[in-house]
Amino acid sequence: MPLAPYAVYAAVSGGRKFGETPPVDRTEFQRDRDRIIHSSAFRRLEYKTQVFLNHEGDLFRTRLTHSLEVAQIARSIARKLRLNEDLVEAISLAHDLGHTPFGHAGQDALNECMKNYGGFEHNLQGLRVVDVLEDRYGAFDGLNLMFETREGILKRCSLENARTLGDVGTRFIERKQPTLEAQLTNLADEIAYSNHDIDDGLRSGLLDTKQLEQVDFYAYHRREVEVSYPGINSRRAIHETVRRMINAQVLDIISTAGERIQSACPASLEDVRKAVPLIAFSDTMRTEASSLKKFLHENLYRHYRVNRMSSKARRIVTELFDAFIAEPGMLPPDYLVSTGDDSAQARRIADYISGMTDRYAMREHQRLFDMTEG
Ligand code: MG
C-alpha cells in the first residue's frame, strides 16, 4: 500500500543536519529507527521506570517495554492510515530517551535543581540525546536523525525554548502542527501508559478491580468479558479487559482520524502542518480516556506507596546534584567542564544524572554518601 500524500517520506523531509549518502536497501526512516535501537540511551530504557521502580518486580513495565508497546500501537494505526510506519516506529522508540531515572519524580527534582541554569525538561533532553550526547559516529555528534524524527521527539516545548532550538522549534513559534506520524505517536503513548498502568497497578496490589469499576470504560469492557467467559479467572479477566480497551481506543482513532483527514482533505505534509490536529480520539473516547487518566492520577500515582518511592527518588536526585555542583571534581572526567562556566557545568551534571538508570542512581548515591562504600 503506497503512503498517503500527506504522510512523511524522504523526498518531502527536512532531511539530516549533516548530509549523508542515502541508505542502501532501507529507507531513511528505517535508518533512524536502527540508529535509535543501537544507541546506548535506548538500552538504558530497560532499567528506567515510570511508576514502579525496576527492582520491585520483573513483570512491571520499564521504559523499554513501554516504548515497544507504543511502537506496536502506533504502527497498527499508521499502517491503516497509510502513514509512514518507519517514522512512527522511530519516534515511538525514541520518545522517552530523555527521561531521568525514577520517572516524573526524578524529572521534577532535576528541573528544580536546574532552575537557575535553564531548567530540565525530558522532551528537550531527548532531543539533546539524539542531537549531541550519543557518541557513536565518526562524522558527527549524536545520531544525525531526520528532521521529522527529531521533531516527533520534541513533543512539547515552551516558546522561550523554541526560540533557541532552530529548525525543530519553528512549529511552536508559528503555531503549526507536527506531522501526523508525530501526532499519532503522542496518542499511542497515552493509550499505552494508561492501559499498562491499570495492569501494573492491579498486579502490584496498589489498585483493586473494585476500585476500577468506578471507571465506566473499564467497567463496560470488564462486563463484556464476564459475559463472554463466565467464571474466568481474575488474571485472564484483567488481560482480556485491558486488551479490549486498547483495541477500542485504536479503532476509535482509526475511524476518527479517517473522518478528520477526509474533511480537512490535506494534499501534502504542508497542509497537515496548517490544519487542526487530525489524529484524535472521538469526543466520547476523549471523555473515557480522560476519566481513566484522572482515576490513575488519584488512585495510583498518588498512592502512599508510590509517594514514598517518589520522595526517595527526589532525595536521591537532589542530593546527587547538590554534591556534584558543590564539588565537580567528583564527576567522571567526561562530565567535568574546565572553563569555569557554572551553567555549562550544571548542564553536564544534568546530562550525567538524567542518563542514569534507576539502579545506577541508587548505587551512585550510595557511593557518594555511604562511608563504607568505595
Ligand atoms: Mg511514554
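Considerations on the packing of aromatic side chains
Argument step 1. Applying the stated rule across the entire model yields five aromatic pairs.
Argument step 2. Between phenylalanine 324 and tyrosine 352, the ring centres sit 5.6 Å apart and the planes meet at 65°, which makes this aromatic pair edge-to-face. With phenylalanine 324 in helix α16 (residues 304-326) and tyrosine 352 in helix α17 (residues 342-355), this pair connects stretches of sequence that are 28 residues apart. In terms of burial, phenylalanine 324 and tyrosine 352 fall into one category: buried.
Argument step 3. Ring geometry for tyrosine 352 and tyrosine 360: centres 6.4 Å apart, planes at 80°, overall edge-to-face.

Some points on helix α1 (residues 28-37)
Argument step 1. Burial analysis of α1 places seven of its ten residues in the buried class, the great majority of the element.
Argument step 2. Residues Glu28, Phe29, Arg31, Asp32, Arg33, Arg35 and Ile36 constitute the buried set of α1.
Argument step 3. Taken together, the buried residues of α1 touch α2 (40-44), α4 (85-94) and α7 (147-153).

Overview of the domain arrangement of the protein
Argument step 1. The domain boundaries assigned to the protein delineate domain 1 (10-305) and domain 2 (310-369).
Argument step 2. Inter-centroid distance (C-alpha atoms) of domain 1 to domain 2 is 27 Å.
Argument step 3. Contacts between the two partners involve 24 residues from domain 1, matched on the other side by 24 residues from domain 2.
Argument step 4. Interface area, domain 1 with domain 2, both sides summed: about 2100 Å², of which 67% is carbon and sulfur.
Argument step 5. Ranking the residues of domain 1 by area buried against domain 2 places Tyr47, Phe102 and Tyr117 at the top, with a combined share of 30%.

Let's talk about the packing of α16 against helix α18 (residues 358-369)
Argument step 1. Packing of α16 against α18 brings their axes to within 10 Å, and their N-to-C directions diverge by 50°. Looking at the two axes, α16 sits oblique to α18. The handedness of the crossing between α16 and α18 comes out as left-handed. Contacts between α16 and α18 involve Ile316, Glu319, Leu320, Ala323 and Phe324 on the former and, on the latter, Ala361, Met362, Glu364, His365, Leu368 and Phe369.

Regarding the coordination of the magnesium ion
Argument step 1. Surrounding the magnesium ion are the protein donor atoms His66 (NE2), His95 (NE2) and Asp189 (OD), which sit 2.2 to 2.3 Å from the metal.
Argument step 2. Sequence positions of the donors to the magnesium ion reduce to the motif H-x28-H-x93-D. Of this pair, histidine 95 sits in the loop between α4 and α5 (103-113) while aspartate 189 sits in helix α10 (residues 180-204); the two residues are 94 residues apart in sequence, bridging distant segments of the chain. The same class applies to histidine 95 as to aspartate 189, namely buried.

Parameters and conventions
- Residues numbered from 1 in each chain as written.
- Predicted model: local features only at pLDDT ≥ 70, side-chain atom pairs only at ≥ 80, totals over all residues.
- Heavy atoms only, no water.
- Phe/Tyr/Trp six-rings, centres within 6.5 Å; stacked < 30°, edge-to-face > 60°.
- Helix = DSSP H or I, 4+ residues; strand = E, 2+ residues; numbered from the N terminus.
- Buried < 20%, exposed > 50% of the residue type's maximum accessible area, 1.4 Å probe, protein only.
- Contact = heavy atoms within 4.5 Å.
- Domains from an automatic or database assignment.
- Buried area = accessible area lost by both parts, 1.4 Å probe.
- Axes fitted to C-alpha atoms, helices over the stretch in contact; angles between N-to-C directions.
- Parallel < 35°, antiparallel > 145°, perpendicular 65-115°, else oblique.
- Left-handed = near helix turned anticlockwise from the far one by under 90°.
- Donors = N, O, S within 2.8 Å, 3.2 Å for Na, K, Ca; no water.

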